[in-house]
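Tertiary structure, described
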Amino acid sequence: MQTKDIILELRTKHGFSQEELAQKVYVTRQAVSRWENGETVPNTETLKLLSKLFDVSINTLLGSPQTLICQCCGMPLDDSSTSRETDGTFNEDYCKWCYVDGTFVYKKLEELTDFLVEHMSNENWSAEQARAYFEEQLPKLKHWRSNM
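One structure accompanies this document, and this report is about it. Predicted model, so just to flag it, every value in this text is computed and none were measured.

**Comments concerning the overall build of the protein chain**
On a plain count of helices and strands, the protein chain comes out with eight helices and four strands. Traced from its N-terminal end to its C-terminal end, the protein chain shows the element sequence α-α-α-α-α-β-β-β-β-α-α-α. The C-alpha radius of gyration of the protein chain comes to 19 Å, more than 25% above the 15 Å expected for a compact globule of 148 residues. Dimensions of the protein chain, computed from the C-alpha atoms along their principal axes, are close to 60 × 30 × 25 Å. Counting over 148 residues, the protein chain shows a buried share of 35%. Excluding contacts between residues fewer than 6 apart, the proportion of contacts in the protein chain whose partners are at least 24 apart in sequence is 41%.

**As for the pairing of strand β2 (residues 90-95)**
In the sheet, strand β1 (residues 82-84) pairs with β2 via three bridges, with the strands oriented antiparallel. Residue pairing across strands places Arg84 opposite Phe90, the latter belonging to β2.

**A closer look at helix α4 (residues 44-54)**
Considered for burial, the residues of α4 that qualify are Thr46, Leu47, Leu50, Ser51 and Phe54. Each buried residue of α4 sits inside an arc of 145 degrees when the element is viewed along its axis, so together they form one side. The exposed residues of α4 that point more than 90 degrees off its buried face are Glu45 and Lys52. Summarising the contacts, the buried residues of α4 are in contact with α1 (3-13), α2 (18-24), α3 (29-36), α5 (58-61) and β2. Measuring from the backbone nitrogen of Glu45 back to the side-chain oxygen at the start of α4 gives 3.1 Å, which picks out Asn43 as the cap.

**Describing the side chain of Asn91**
Mapped onto the elements of the fold, Asn91 is located in strand β2. The exposure class of Asn91 is buried, given its relative accessible area of 12%. Side-chain polar atoms of Asn91 contact the side chain of Glu85, separated by 2.7 Å. Setting aside its immediate chain neighbours within four residues, Asn91 contacts Thr82, Ser83, Arg84, Glu85 and Tyr99.

**A look at the environment of Thr28**
Within the secondary structure layout, Thr28 lies in the loop between α2 and α3. On a C-alpha basis, the gap between Thr28 and Gln18 in space is 8.7 Å, while along the polypeptide they are 10 residues apart.

**Topic: the pattern of salt bridges**
Tallied over the entire structure, the rule returns seven salt bridges. The residue Asp114 makes a salt bridge to Arg131 at a minimum N-O spacing of 3.0 Å. Here Arg131 lies in helix α7 (residues 127-137) and Asp114 lies in helix α6 (residues 109-120), a separation of 17 residues in the sequence. Classification of Asp114 by relative accessible area gives partly exposed; the value is 40%.

**Regarding the nonpolar core**
In summary, soluble globular proteins display a tendency toward joint burial of nonpolar side chains. Counting residues in hydrophobic clusters, the biggest one holds 19 residues, and the most contacted among them are Cys70, Cys72, Cys73, Cys98, Leu112, Leu138 and Trp144. When residues of this core are traced back to their parent elements, those giving at least two are β2, α6 and α7. Tallying contributions element by element places α6 first for this core, with four residues. Dropping the residues within four chain positions of it, Leu138 is found in contact with Cys72, Cys73, Leu109, Leu112, Thr113, Leu116 and Trp144. Formed by 15 residues, the second largest nonpolar core is a distinct cluster that contains Val25, Val32, Trp35 and Phe54.

What counts as what
- Residues numbered from 1 in each chain as written.
- Predicted model: local features only at pLDDT ≥ 70, side-chain atom pairs only at ≥ 80, totals over all residues.
- Heavy atoms only, no water.
- Helix = DSSP H or I, 4+ residues; strand = E, 2+ residues; numbered from the N terminus.
- Rg over C-alpha atoms; globule rule 2.2 N^0.38 Å.
- Buried < 20%, exposed > 50% of the residue type's maximum accessible area, 1.4 Å probe, protein only.
- Contact = heavy atoms within 4.5 Å.
- Pairing = 2+ DSSP bridges.
- Arc of directions from axis to C-beta.
- Polar contact = N/O pair within 3.5 Å; in protein donor to acceptor, adjacent residues only side chain to side chain.
- Salt bridge = Lys/Arg side-chain N within 4 Å of Asp/Glu carboxyl O.
- Core = buried A, V, L, I, M, F, W, Y, C linked by side-chain atoms within 4.5 Å.

If you want it as structure tokens, here you go:
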């Protein structure tokens, strides 16, 4: 889906006219019309306002052009699993299990690795295989690169 279709769908789902949406995000009705016709896309600040208003991530507003993964544990992210900042805005870098209320749950890489091995290993993926995988992959993620 394209940004123009997503904005139109969210606006109508919430029962807003173009004028009402424009007022809520501090733009003109013509700007909303241009977004919905695909002539332009909202700027960064307006995307943030739309994200908060419609309770969807900016990535979703833009048609999910990126496959987001948690930069702490590597889990794929969607709007239901993406973390939030204390003000309620989405933090598209982390899942809601690794980053809660502005704080990281896992302070040490070994702690997260142990948790993942315990919960991800099974009859098809041994604990040893899981540990080797996570020990190789997790240090490549943004959170652990900046904390090592």
